[in-house]
Amino acid sequence: MAVFQSLRYTTVSSVVLMIWLGMAAVTAAAAQDLADRVAALAEGGFNDKVTAVGALAATGDDRAAPVLEAMLEGLLFTQREGGSIVIGEHLSRRELRLADAVTGADLGTAGSRSVRKIRINNRVRAAIRSALGGLKLMHPDPAERRAAAAAVLNAPDLSFLPTLDTAIDRETEPDLKTLLGKARAAVLLSSETVADRLEAVRYLGTYTDPEVRGLLGGLLVERGGRQAEPDDAVRAAAAEAIADIDRRLQQWAIVGNIYQGISLGSVLLLAAIGLAITFGVMGVINMAHGEMVMLGAYATFVTQELFRAYWPGYFGWSLAVAIPFAFLVTALVGMAIERGIIRFLYGRPLETLLATWGLSLILQQAVRTIFGPTNREVGTPDWMQGAIETTAGLTLTYNRLYIILFSLIVLFALMLVLRHTALGLQMRAVTQNRPMAAGMGIPTGRVDMLTFGLGSGIAGIGGVALSQIDNVSPNLGQSYIVDSFMVVVFGGVGNLWGTLAGAMSLGVINKLLEPYAGAVLAKILVLVAIILFIQKRPRGLFALKGRAVEA
Amino acid sequence: MATGSSSGYTPLLLRIDAGGWVLLLVLIAAGIGVPYANQMLPQESPWHVPTWLVALLGKYLCFALLALSVDLVWGFCGILSLGHGAFFALGGYAMGMHLMRQIGDRGVYGNPDLPDFMVFLNWDSLPWYWYGFDQFWFAMLMVMLVPGMLAFVFGWFAFRSRVTGVYLSIITQAMTYALLLAFFRNDMGFGGNNGLTDFKDILGFSLQADATRCALFAASAVALGVGYLLCRFIVTSKAGRVLVAVRDAESRTRFLGYRVEHYKLFVFTVSAVLAGIAGALYVPQVGIINPGEFSPANSIEIVVWVAVGGRGTLYGAALGGVLVNYGKTYFTAAMPELWLFLLGGLFIAVTLLLPRGIVGTLQLWGGVLRRRFSSGDRKRGSHGAVAPAPAGGGE
């Protein structure tokens, strides 16, 4: 075994030497004919062939790879007449289709007798494989280069070093360049000189990457009383680097959890923001709020079905249409509810709660009857698919990112409406002092209706966003109703900033607890924490002060 | 001070209103009649009550007791609890744990100590909180103590910091939701989402036997009757007067020097114990308890029973519990897709059209009729019924 390995090592290192020499030659002489190097493959003994393979690979020429691949598979031949090198393709046992190895020109078919196969042995095979791997690093397609670099990183071998150096020189894309640098350092870890290894360890220590951590961890392995890494200084440096990486990975994990928390918080915000209007501003306990969210999600489904049926080419725009559509549908339903039920129950919050709960049952059952009890498929447009991946194993999916942005946009748009429009002014006037507002000529009944419509419509918009990350089923709303109330109550009634703070802190706390307690227990803990919190501040984080409280 | 003399000195039996007498008489008749009709009458008799019906009626009685407990806090103290299902379920789990221990080695795995689901989860010993549940008296104690303690602790925190109205409703809902999530976890040791089931016998009597069913039915009737008397006793006592005052004007009552939170805590805890007992009687009759009982929707439904029957009338709540559940049984079988429409419509109709519920509305009509026919000026409104808005201190 050991003998075999050392044999392989010398082979590989001699190829490396050859490639390296070959490259030097290229840079020096600049123009040596590719044809000559291909011709050299057929000459001399196996040692010469190894040299020739290295020399060919060192050109970094695109045409070298197919030739070497053919040689590896035993399909590279010398023509008996004229002695030129050709790549053959077996049509049958006796017949070959030939192509010129250098130019790729079709030479027609020929009998298998007319050509002589270029023989190789295991040493040559190893040399070819190594050379091919190196060549891929300079492939014109960046995806191929990336795959090759990843392959080197997976199985670092000193033989790649010279090719890597050339590849790094030639590389133009910055992220590929860092990947190649990482691969180079990984290769250098098996270098013979301590200084090289030390430098490689230090270089790798600057990455924050579970893969690099694995590479460095390999140095500290002790097997059968023999250290994988003989030098104490290198081992110490590796241990230090690993500790560094672990610390940074942990920080990234916390960042990841916070991101997840913000993502959850934005979902809660979308679900709760309409409630902040109906419950927070109007004081109506709308238990059918979750169903407004659900209706918004179904409105998205209907819009997408229409797009699929009539304008399949514009499917990417379906969400943009679904947002106003969902707003309209749910706002109309909300206004009908306000006129039909809630207006008779003002000042009786507990009765309102019961009536709207009944309403939520009716809406759920109605949707179940119309659309069926199963989940409905809501598509995600192309521009929302995909993810940003960072090196530290953190994945930020685009749909979550868009939802975070969207929830903030909705929140701020609502703030603007409340603060800078006539409707917003009237809404605030009516909620602060109804008789006085009526005395000033504000039609309070109409304002109530529009306010409730606005809150419901925003719930519907929330439903559009939630349809992208949750199952669209008649029960969609139910799963958010308790959470939404928690957010509004925790944040403080009647304050949109409170809703934002409530949603984000609940989301982040939940996700930070999850790694320690598990998803369900984390949720239970958050619920218990809110129950306790309400004891301390019965009016929430951002409580209204002064006369508004008494009203 | 006209009614002052009637509270405090009158014996309990004289404090029961007409509807209450009807309820008690019906309970006595049913408690004796139904088991008799099941056990003594031959199957061919038109008056024979089949066993499934006994179990169903027993279930209704448990729901009636649960509705009673909600009416006690909501109708008389203004605490709208959306988490009473939690107390019911906790009582049910305490009973279920006893019944699980009673299975002994007759389970699928034949382990004498561990219930099947624990064997299935590879647990090697009984968790500490299961100790003692093999004793009937201990289980019965826990049936009352666990919901009572939870209500006491929860109420102590909530009432002391003056969490009232809608806020209280929402945190009670959060409480039952948290318990729902907790009981769904397998590691909690309560059987996860399957809950506890497959019970064999209670106090040595097989749960499948007709006689046991009848006995459980009778026990439910007795529990409802005693529960009613207890509630009636509380609401007609002096403390009951304070509770109604708290319901109608909490701040005013506080300013008068009453420790409002003590009264609320007392009645909330009593109510939770009643709900726990209802749960304990419910479990052996339906044969299963699972975390679904904790779902917030269940708790809200209980409130509707009370609202339908008539809030603040006690016997009305019991009536509402039976009526709505009968409707549920009927419609979920006859027209399953219609039931949710009907239940939802019931919620809306009752709050909009019948704010006093069936009994309250009948009382109102009765009062109108009586006033029209008797020229004499009898005292308006019997005490204990829904008092109209607090109008100054007549008392």
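Just so you know, these numbers come straight off a predicted model, no measurement behind them. (Residues numbered from 1 in each chain as written. Chains lettered and ligands numbered in written order. Predicted model: local features only at pLDDT ≥ 70, side-chain atom pairs only at ≥ 80, totals over all residues.)

Looking only at helices and strands, chain B has 15 helices and four strands in total. Rg of the C-alpha trace for chain B: 22 Å, near the compact-globule value of 21 Å for 395 residues, within the 12% margin. Principal axes of the C-alpha set define a box for chain B whose edges measure 75 × 60 × 45 Å. Relative to its 395 residues, chain B shows a buried fraction of 46%. Nonlocal contacts in chain B, meaning residues at least 24 apart in sequence, comprise 79% of its contacts between residues at least 6 apart. (Helix = DSSP H or I, 4+ residues; strand = E, 2+ residues; numbered from the N terminus. Rg over C-alpha atoms; globule rule 2.2 N^0.38 Å. Buried ≥ 20, exposed ≤ 12 C-beta atoms within 10 Å, placed from the backbone. Contact = placed C-beta atoms within 7 Å.)

Residues and elements named next belong to chain A. In this model helix H15 (residues 398–420) runs 32 Å from its N-terminal to its C-terminal C-alpha over 23 residues, within 8% of the 33 Å that 1.5 Å per residue would give. Among all positions in H15, only Arg400, Ile403, Ile404, Phe406, Ser407, Val410, Leu411 and Leu414 are buried. The elements touched by buried residues of H15 are helix H11 (232–281), strand E9 (395–397), helix H18 (444–466) and helix H20 (496–517). (Expected span 1.5 Å × (residues − 1).)

Let us now look at the confidence of the model for chain B. Residues and elements named next belong to chain B. Here chain B averages 86 in pLDDT, while 92% of its residues score no lower than 70. Confidence, read as mean pLDDT per element, is least for helix H1 (residues 6–9) in chain B (52) and greatest for helix H11 (residues 260–286) (95). The model gives residues 1–8 a pLDDT under 50, and that stretch makes nine contacts with residues more than four places away or in other chains. Contacts of residues 377–395 to residues separated by more than four positions or lying in other chains number 23 contacts, the stretch itself having pLDDT below 50. Both scores are available for the predicted complex, with the pTM at 0.75 and the ipTM at 0.79. (pLDDT = per-residue confidence, 0-100.)

Right, let's talk about the interface of chain A and chain B for a bit. Between chain A and chain B, the contact holds 33 residues from the first and 38 residues from the second. Within the residue set of the side of chain A that touches chain B, elements represented by two or more residues are helix H14 (349–371), helix H19 (478–491) and helix H21 (519–536) of chain A. The dominant element in the side of chain A that touches chain B, judged by the number of residues it contributes, is H14 of chain A, at 14 residues. When grouped by side-chain class, the residues that make up the side of chain A that touches chain B number 25 nonpolar, five polar and three charged. (Nonpolar A, V, L, I, M, F, W, Y, C, P; charged D, E, K, R; others polar.)

Residues and elements named next belong to chain B. Two elements in contact, helix H6 (residues 136–160) and H11, have axes separated by 8 Å at closest approach and are oriented at 150 degrees. Relative to H11, H6 is oriented roughly antiparallel. Of the two elements, H6 crosses H11, and the hand of that crossing is right-handed. Between H6 and H11, the contacting residues are Val143, Met144, Val146, Pro147, Gly148, Leu150, Ala151, Phe152, Gly155, Trp156, Phe159 and Arg160 on the first element and Glu261, Lys264, Leu265, Phe268, Thr269, Ala272, Val273, Ala275, Gly276, Ile277 and Ala280 on the second. Taken together, the residues of the contact of H6 with H11 break down into 16 nonpolar, four polar and three charged. (Axes fitted to C-alpha atoms, helices over the stretch in contact; angles between N-to-C directions. Parallel < 35°, antiparallel > 145°, perpendicular 65-115°, else oblique. Left-handed = near helix turned anticlockwise from the far one by under 90°.)

Here the domain parsing of chain A yields domain 1 (2–72 + 120–202) and domain 2 (252–550). Centre-to-centre, using C-alpha coordinates, domain 1 of chain A lies 59 Å away from domain 2 of chain A. (Domains from an automatic or database assignment.)

Residues and elements named next belong to chain A. In this structure, strand E1 (residues 76–79) lies alongside strand E2 (residues 85–90), joined through three bridges in antiparallel fashion. If you follow Phe77 over to E2, its bridge partner there is Val86. Turn length for the E1-E2 hairpin, with the two strands adjacent in sequence and antiparallel, is five residues, and the turn residue Gly82 shows positive phi of about 90 degrees. As paired strands, E1 and strand E5 (residues 115–117) are joined by three bridges and run antiparallel to one another. Bridging across to E5, Thr78 finds its partner in Arg116. (Pairing = 2+ DSSP bridges.)

Ranked by size, the top nonpolar core spans 201 residues in total, and within it Leu65, Ala67, Leu68, Val303 and Ala318 of chain B carry the most contacts. The element that contributes the greatest number of residues to this core is helix H3 (residues 51–77) of chain B, accounting for 16 residues. For Leu68 of chain B, the residues in contact, after removing those within four places along its chain, are Gly227, Tyr228, Cys231, Leu274, Leu314, Ala317 and Ala318 of chain B. Core analysis: the next-biggest nonpolar cluster, separate from the first, contains 62 residues, Val67, Ala101, Leu204 and Leu219 of chain A among them. (Core = buried A, V, L, I, M, F, W, Y, C linked by C-beta atoms within 7 Å.)

It is worth spelling out the sheet that holds E2 of chain A at this point. Backbone hydrogen bonds are what pair the strands of a sheet, in a parallel or an antiparallel way. Residue and element names in this part refer to chain A. Strand order in this open sheet of five strands is E4-E3-E2-E1-E5, and the pairing throughout is antiparallel. Where the open sheet ends on each side, the last strands, each with one partner, are strand E4 (106–111) and E5. Each strand axis lies, on average, 40 degrees off the axis of its neighbour in the sheet, ignoring direction. Here E2 pairs with strand E3 (residues 95–100) via five bridges, running antiparallel. Note on E3: the bridge partner recorded for Gly88 is Leu98.

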